[in-house]
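# Survey of secondary and tertiary structure
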Amino acid sequence: MLKLLLVTPDNDSLSGLASALAKYDDVDLSWAESGGRALEIISGAAVDLVVMDEKLGDMTGLELAGRLVAVNPMVNCALVSPLPPEEFHEVSEGLGLLAQLPIRPGKEQAKDLLQRLKTVKNLISG
C-alpha cells in the first residue's frame, strides 16, 4: 500500500488529483491543511509521497519541502507550481522533488506520479 499525503489549505485545488489517485487500489490518501500539520504527520508515520500545494497558509510548498528533507530525507515530494520548468528546477534544486505539478493536477498527473513513485521505490528496495 502506498501512503500519500496531500497538503493544501483548499482541498478543491487538489480534488482532481485526489479523485484520480483514489481509484487505485494500492493507494491510501490522507490530507493535511497546513505545512505544520504535514510535518506532525510525517514525524509520526511513514508516508511514501507528499503532494504539496504552492501556498499552504503557514508556509510555501517549497519551504515545506525543505523542512521535510530535514525530518525524513527519504520522503518523496511533489509540488504544485506555475513556474516554468527551468525556474522551478533552479528554486527546488537539492530538495529531491519527484515532480512539478501544474495548478489543479488531475488524472494524467496522478498516473505519472504513481509510476515515478513506484520506480523510485523499486530502485531503493531492489
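The rules behind the values
- The residue numbering used here restarts from 1 in each chain and proceeds along that chain's sequence as written.
- Whole-chain, interface and lining totals are the exception, using all residues; otherwise, since this is a predicted model, local features are given only for residues with pLDDT of at least 70 and side-chain atom pairs are given and counted only at 80 or more.
- Working from all heavy atoms in the structure, the side-chain values ignore hydrogens and water.
- By this definition, two strands are paired if DSSP reports at least two bridges between them.
- Think of it this way: any DSSP run of H or I at least four residues long counts as a helix, any run of E at least two long counts as a strand, and we number them from the N terminus.
- Fitted lines through C-alpha atoms give the axes, limited to the stretch in contact for helices. The angle between two N-to-C directions lies from 0 to 180 degrees.
- Contact between two residues is taken to exist if any of their heavy atoms lie within 4.5 Å; hydrogens are not considered.
- Under this definition, polar contacts are N or O atom pairs within 3.5 Å; protein pairs additionally need one hydrogen-donor-capable and one acceptor-capable atom, and for neighbouring residues in sequence, both atoms have to be side-chain atoms.

With respect to topology, 5 strands assemble into an open sheet ordered β2-β1-β3-β4-β5, the strand pairing being parallel. Either end of the sheet is taken by a strand with one partner, and the two such strands are β2 (27-32) and β5 (97-101). Neighbour-to-neighbour, the strand axes of this sheet turn through a mean angle of 20°, independent of strand direction. The pairing of strand β1 (residues 2-7) with β2 spans 6 bridges and is classified as parallel. Across the sheet, L6 pairs through a bridge with W31, a residue of β2. Contacts from helix α2 (residues 35-44) reach β1, β2 and β3 (49-52) within the one sheet, and its direction differs from that of β1 by about 160°. In the packing of helix α3 (residues 61-71) onto the sheet, contacts are made with β1, β3, β4 (76-80) and β5, and the angle to β3 comes to roughly 160°.

Right, let's talk about the environment of S15 for a bit. Considering the arrangement of structural elements, one finds S15 in helix α1 (residues 15-22). Through-space distance from the C-alpha of S15 to that of A70 is 28 Å; in sequence the pair is 55 residues apart. A polar side-chain atom of S15 sits 2.9 Å from the main-chain carbonyl oxygen of D12.

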